Amino acid sequence: MGKGDFARAHHVAFFDAMATELPDDYATQEVNHLTLGYFAVGGFSLLREIDRVNTEEITKWVLSFQVHPEAHGDEYNGLFFGFCGSRSTQFPLPDVKDPCHNGSHLASTYSALAILKILGYDLASIDSKALLLSMKKLQRPDGSFMPTHIGAETDLRFVYCAAAICSMLDDWAGMDKLKAKEYILSCQSYDGGFGMVPGSESHGGGTFCAVAALHLMGFVQVDLTSNLQDSASIDMHMLLEWCLQRQVTDGGFQGRRNKPSDTCYAFWVGGVLKIIGAYHLIDHCALREFLLTCQSPYGGFTKFPHNRIPDIYHSYYGLAALSLLEEEGVEPLCVELGILSSAL
């Protein structure tokens, strides 16, 4: 692997290994099994190697995590009928009496639908009515979403998941878009970025979730001029300045002020700039050089430059960032949904 080269073959080998058997270090992430699957399948798709996976087998595996209503009308009983994240969240523990056990989670549901979409599965076959009607019960009066029906933190991650789910299913019955918009706007900070919750520090991931959700809901346009002229939505001038300031001297992007650049924020912050039509304003060559220094000699990408041990999260988002840069050998990405443009 020469300096400055995109090591495509190494990355294919890395995702091959990840798709076959995850290392022991991932055992604590068992509850996020579907999300890890999304990174693996998504990585293959970006590398144009989706034929390496058994589409039928993975489709059956993903569908096995969906929770279905047991009786007519159950979608109104307060439970969420989405997808569980893993086998351990799908079934009750033997020593716990839980007659209504249901581990459906918004993030797992997003990951499941994204995998199915990448594999070419017709989402019209999904029981979307029960999923969407029960998902709407997760929306709080302030417009935010709980990730599960038993309650948990509410922040921009789950507003984004809800918007992406509705978009992929082509049905917005699962959320009140105007309430969601109000919540998102309340999360924009004084400096133009978005915190995960109102009043919190601006963050690259939160900013992506906010802008991508607004775009999916039709409140943010795809060209910069229109966005800058639209005063009815977010403060686009401040957002643009905040995002551009996140590219630092080594060419990479930081997720917050005074933090080191990190592979994944090349996608999270770069994706925001792509959505609002401002991606041409960054230094593409410097960003590509940064990303290539984050390639592991074993394939995959690391969090920081010149580290050696890759992980599947940063490996996927490293490829996604190179997709935004239109790297040769990497498939174009629909940035707001996190799936291939061709999957749409």
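Residues numbered from 1 in each chain as written. Predicted model: local features only at pLDDT ≥ 70, side-chain atom pairs only at ≥ 80, totals over all residues. Heavy atoms only, no water.

Going by an unreviewed UniProt entry, the chain carries the name Geranylgeranyl transferase type-1 subunit beta and comes from Urochloa decumbens.

Turning our attention to the environment of Thr 55. Along the chain, Thr 55 falls in helix α3 (residues 55-63). Considering only alpha carbons, one finds Thr 55 and Gly 120, 65 residues apart in sequence, at a separation of 8.7 Å. (Helix = DSSP H or I, 4+ residues; strand = E, 2+ residues; numbered from the N terminus.)

Further remarks concern the side chain of Ser 45. Note on placement: Ser 45 falls in helix α2 (residues 33-46). A relative accessible area of 4% means that Ser 45 is categorised as buried. Leave out the neighbours within four places in its chain, and Ser 45 touches Ile 50, Ile 118, Glu 331 and Leu 340. (Buried < 20%, exposed > 50% of the residue type's maximum accessible area, 1.4 Å probe, protein only. Contact = heavy atoms within 4.5 Å.)

Okay, the environment of Arg 288 next. Following the sequence through the fold, Arg 288 ends up in helix α13 (residues 284-293). Of the residues examined, Arg 288 reaches a relative accessible area of 29% and is grouped as partly exposed. Distance from Arg 288 to Ala 321, taken between C-alpha atoms, is 8.7 Å for residues 33 residues apart in sequence. Sequence-distant contacts of Arg 288, defined by excluding residues within four places in its chain, comprise Gly 4, Phe 6, Leu 322, Leu 325 and Glu 327.

Attention now goes to the packing of aromatic side chains. Enumeration according to the criterion identifies 18 aromatic pairs in this entry. Relative to Tyr 316, the ring of Tyr 38 has its centre 5.3 Å away and its plane inclined at 55 degrees; by these criteria the two rings are tilted. One end of the pair, Tyr 38, is in helix α2; the other, Tyr 316, is in helix α14 (residues 312-324), with 278 residues separating them in the sequence. According to the relative accessible area criterion, Tyr 38 is buried, its value standing at 3%. When its relative accessible area of 2% is taken as the criterion, Tyr 316 is described as buried. Of the aromatic side chains, those joined through ring pairs into one cluster are Tyr 38, Phe 39, Tyr 110, Tyr 160, Phe 208, Phe 267, Trp 268, Tyr 313, Tyr 316 and Tyr 317. Directly above the aromatic system of Trp 172 lies the positively charged group of Lys 177, at a separation of 4.9 Å from the ring centroid. One Lys or Arg, Lys 181, reaches over the ring of Phe 219 and ends 4.6 Å from the middle of that ring. (Phe/Tyr/Trp six-rings, centres within 6.5 Å; stacked < 30°, edge-to-face > 60°. Lys NZ or Arg CZ within 6 Å of the ring centre and 35° of its normal.)

On to the nonpolar core. Generally speaking, soluble globular proteins have nonpolar side chains that are buried together. Membership of the largest hydrophobic core comes to 111 residues, with the highest contact counts inside it found for Met 135 and Phe 267. Core analysis: the next-biggest nonpolar cluster, separate from the first, contains five residues, Val 67, Leu 79, Phe 81 and Cys 84 among them. (Core = buried A, V, L, I, M, F, W, Y, C linked by side-chain atoms within 4.5 Å.)

Let's shift gears to the side chain of Asp 262. Residue placement: Asp 262 occurs in the loop between α11 (236-245) and α12 (265-275). At 3.2 Å, the side chain of Asp 262 and the side chain of His 314 are in polar contact. Excluding residues that lie within four positions of it along the chain, Asp 262 makes contacts with Phe 253, Phe 290, Lys 303, Phe 304 and His 314. (Polar contact = N/O pair within 3.5 Å; in protein donor to acceptor, adjacent residues only side chain to side chain.)

Now for the pattern of salt bridges. Under the criterion given, the structure shown has ten salt bridges. Within this structure, Arg 8, Asp 16, Glu 49 and Arg 52 form a network of salt bridges that share partners. (Salt bridge = Lys/Arg side-chain N within 4 Å of Asp/Glu carboxyl O.)

So, about the packing of helix α9 (residues 204-216) against α12. Direction vectors running N to C along α9 and α12 enclose 35 degrees, while the axes themselves pass 9 Å from each other. Every pair of crossing elements has a handedness; the one defined by α9 and α12 is left-handed. On α12, the residues that touch Gly 204, Gly 205, Thr 207, Phe 208, Val 211, Ala 212 and His 215 of α9 are Tyr 265, Phe 267, Trp 268, Val 269, Gly 271, Val 272 and Ile 275. Across the contact of α9 with α12, the residue classes break down as nine nonpolar, five polar and no charged. (Axes fitted to C-alpha atoms, helices over the stretch in contact; angles between N-to-C directions. Left-handed = near helix turned anticlockwise from the far one by under 90°. Nonpolar A, V, L, I, M, F, W, Y, C, P; charged D, E, K, R; others polar.)

Within an α-helix, residues lying three or four positions from one another point in the same direction, as the helix has 3.6 residues per turn. Listing the buried residues of α3 in full gives Ile 58, Thr 59 and Val 62. Angularly, the buried residues of α3 cover 105 degrees about the axis, an arc narrow enough to put them on a single face. Along α3, exposed side chains directed more than 90 degrees from the buried face belong to Glu 56, Glu 57 and Lys 60. (Arc of directions from axis to C-beta.)

Another aspect to go through is the environment of Cys 294. With respect to the helices and strands, Cys 294 occurs in the loop between α13 and α14. Measuring from C-alpha to C-alpha, the distance between Cys 294 and Leu 34 comes to 25 Å, with 260 residues separating the pair along the chain. Setting aside chain neighbours within four positions, we find Cys 294 in contact with Thr 263, Gly 300, Phe 301, Thr 302, Phe 304 and Pro 305.

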